[in-house]
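Architecture and fold: a report
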Amino acid sequence: MNGGKTYQIRTFGCQMNVHDSERLAGQLEEAGYVPAGADDAPDLVVFNTCAVRENADNKLYGTLGHLRPAKDANPDMQIAVGGCLAQKDRGEIVKRAPWVDVVFGTHNIGALPVLLERARHNAEAEVEILESLETFPSTLPARRESAYSGWVSISVGCNNTCTFCIVPSLRGKERDRRPGEVLAEVEALVAEGVLEVTLLGQNVNSYGVEFGERDAFSKLLRACGGIDGLERVRFTSPHPAAFTDDVIDAMAETSNVCPQLHMPLQSGSDRILREMRRSYRSSRFLSILDKVRDRIPDAAITTDIIVGFPGETEKDFQATLDVVREARFSSAFTFQYSRRPGTPAAELPDQLPKQVVQERYDRLVELVNEIAWDENKKLVGRKVELLVAEGEGRKDTETRRMSGRARDGRLVHFTPTGAAIEGSVRPGDVVETVVTYGAPHHLVADGDLLSHRRTRAGDNVEAGRRPRTDGVSLGLPSFGRPAPQPVATGGCGL
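Described below are features of the structure shown in this document. (Residues numbered from 1 in each chain as written. Predicted model: local features only at pLDDT ≥ 70, side-chain atom pairs only at ≥ 80, totals over all residues. Heavy atoms only, no water.)

Let's shift gears to the sheet that holds strand β4 (residues 78–83). Spatially, β2-β1-β3-β4-β5-β6 is the arrangement adopted by the six strands of the open sheet, whose pairing is parallel. Looking at the sheet topology across the chains shown, the edges are occupied by β2 (34–35) and β6 (126–128). Judged from the two bridges that link them, strand β1 (residues 6–11) and β2 form a sheet pairing that is parallel. Bridge pairing links T6 to V34 in β2. Strand contacts of helix α5 (residues 112–122): β3 (44–49), β4, β5 (102–104) and β6, with the helix running at about 150° to β5, the strand carrying the most contacts. (Pairing = 2+ DSSP bridges. Helix = DSSP H or I, 4+ residues; strand = E, 2+ residues; numbered from the N terminus. Contact = heavy atoms within 4.5 Å. Axes fitted to C-alpha atoms, helices over the stretch in contact; angles between N-to-C directions.)

Rendered as structure tokens:
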């Protein structure tokens, strides 16, 4: 035990990192640490890093530099660096920032408490980077950030070889959890009051390849439909090359699977897709969207797009704009290509000038916003069910609105008024309202609420409780309702 030492975790990057940080928090609290208050100087700062974005290393080392005076003033404070950048840079981190105490990689997040103790005992930095997964993250305890929505990893790593992506070299080959473990973790979260889960993997629809079950992901979605109290199921991210009709059928036929699909396009140019080693073409991509909308007419489809990949011509870029116009995305995550050392694309000729990439990026964003706004305007007058969210609206305080997510994933700012309200509306509660305005990135519902359902998740938010789940160990493949699993002692307590 650590006598109530306080910790703070700073997370950079993707949903996988956010979920890993929940696992890190769970371990630290099991070891006796407690979360630091907003205004407190923590005894431990953990950086969970990302190596995907440009200047990720500069951001980390700059932040570490800002922490040095605090470390000099309090030598007992510890600093740990983990995640993808730690996996990549390894011992370089303590060379450039010798005041760092611990460096750990993506494959050994379970070693953090031991490494901290070892660094404290030996009075020197501990660097431990494994080349393959030592402990599946699901076997570790987790302190969940949300009382109403939870991440559940179904796999880690990736078997694809996209030329722009550094993830496979840092996260390793895909490792799949067994279905029974996934369902047991979902049921444990629901027992803690969670209403919504997001199934998480680098490529969720290749799930099952490790244990030889081709339709494992669609079976998993259907099995989630049998868990009492689980109201919403989402997943991210699929890969167009591996997306199959049985998944579309499972989405359409399982009532708690949300009408939302995030399908990364990356480029609308078939030539650029080949250079990216994305094993599909634009016609295949659009045919998937057609099938989804045929079975789920109200589905909101989002995407990822990279602008300025090496060798991209104006003709290639126009092909991307053409696909965007036809796809009618509800929103898109747009990125300017950034050269990442260690990826094949970094060595390609014809790296584009920054000003060319910026100009194309601006045109893409303008088109994406125009289409998203048109699509959102079509929803005015429609009734929506919202899972009330915590802190998603930057202007909620001044407008006296609250925010929530519709079943299709759209963000809705609503006015918490009307006779339907029981007590007060809280994050984690469920409300129904009518859309009165559509903007490019959100919807507004300014009328009185049609209904308000208080939930156990809302009770937990009001009481300041967050779910804390035990890890689920590896087992045999199975589908169907899992046997009841114990949750951590203390239930939702911090």
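From this point, the discussion proceeds with the structure in view.
All right, on to the side chain of T334 then. Relative to the elements of secondary structure, T334 occurs in strand β15 (residues 331–336). We classify T334 as buried; its relative accessible area is 15%. Setting aside chain neighbours within four positions, we find T334 in contact with I305, Y361, L364, V365 and V368. (Buried < 20%, exposed > 50% of the residue type's maximum accessible area, 1.4 Å probe, protein only.)

A few words now on the pattern of salt bridges. For the coordinates displayed, the defined rule picks out 45 salt bridges. With a closest N to O distance of 3.7 Å, E126 and R118 form a salt bridge. Relative accessible area serves as the criterion here: at 34%, R118 is assigned to the partly exposed category. For R401, the salt bridge goes to D446, with nearest N and O atoms at 2.8 Å. Here R401 is found in the loop between α14 (396–399) and β17 (402–406), whereas its partner D446 is found in the loop between β21 (443–445) and β22 (451–453), with 45 residues between them in sequence. The class of R401 is partly exposed, set by a relative accessible area of 24%. (Salt bridge = Lys/Arg side-chain N within 4 Å of Asp/Glu carboxyl O.)

Looking now at unusual backbone geometry. That bond from T236 to S237 is cis: its omega, -5°, falls within 30 degrees of zero. Residue position: S237 is located in the loop between β12 (232–236) and α9 (245–253). Even without being a glycine, Q266 presents a positive backbone phi close to 70°. Residue position: Q266 is located in the loop between β13 (260–262) and α10 (270–276).

Turning next to the side chain of S206. Looking at the secondary structure, you find S206 in the loop between β11 (196–200) and α8 (216–224). On the basis of relative accessible area, S206 is assigned to the buried category, the value being 17%. A polar side-chain atom of S206 sits 2.7 Å from a polar atom in the side chain of E174. Setting aside chain neighbours within four positions, we find S206 in contact with E174 and D176. (Polar contact = N/O pair within 3.5 Å; in protein donor to acceptor, adjacent residues only side chain to side chain.)

Attention now goes to the packing of helix α11 (residues 282–295) against helix α12 (residues 314–327). Closest axis-to-axis distance for the α11/α12 pair is 11 Å, and the angle between their directions is 10°. The pairing of α11 with α12 is recorded here as roughly parallel in orientation. Contact with α11, carried on its side by S282, F285, L286, L289 and R293, involves V323, E326 and A327 of α12 and no other residues of that element. Across the contact of α11 with α12, the residue classes tally to five nonpolar, one polar and two charged. (Parallel < 35°, antiparallel > 145°, perpendicular 65-115°, else oblique. Nonpolar A, V, L, I, M, F, W, Y, C, P; charged D, E, K, R; others polar.)

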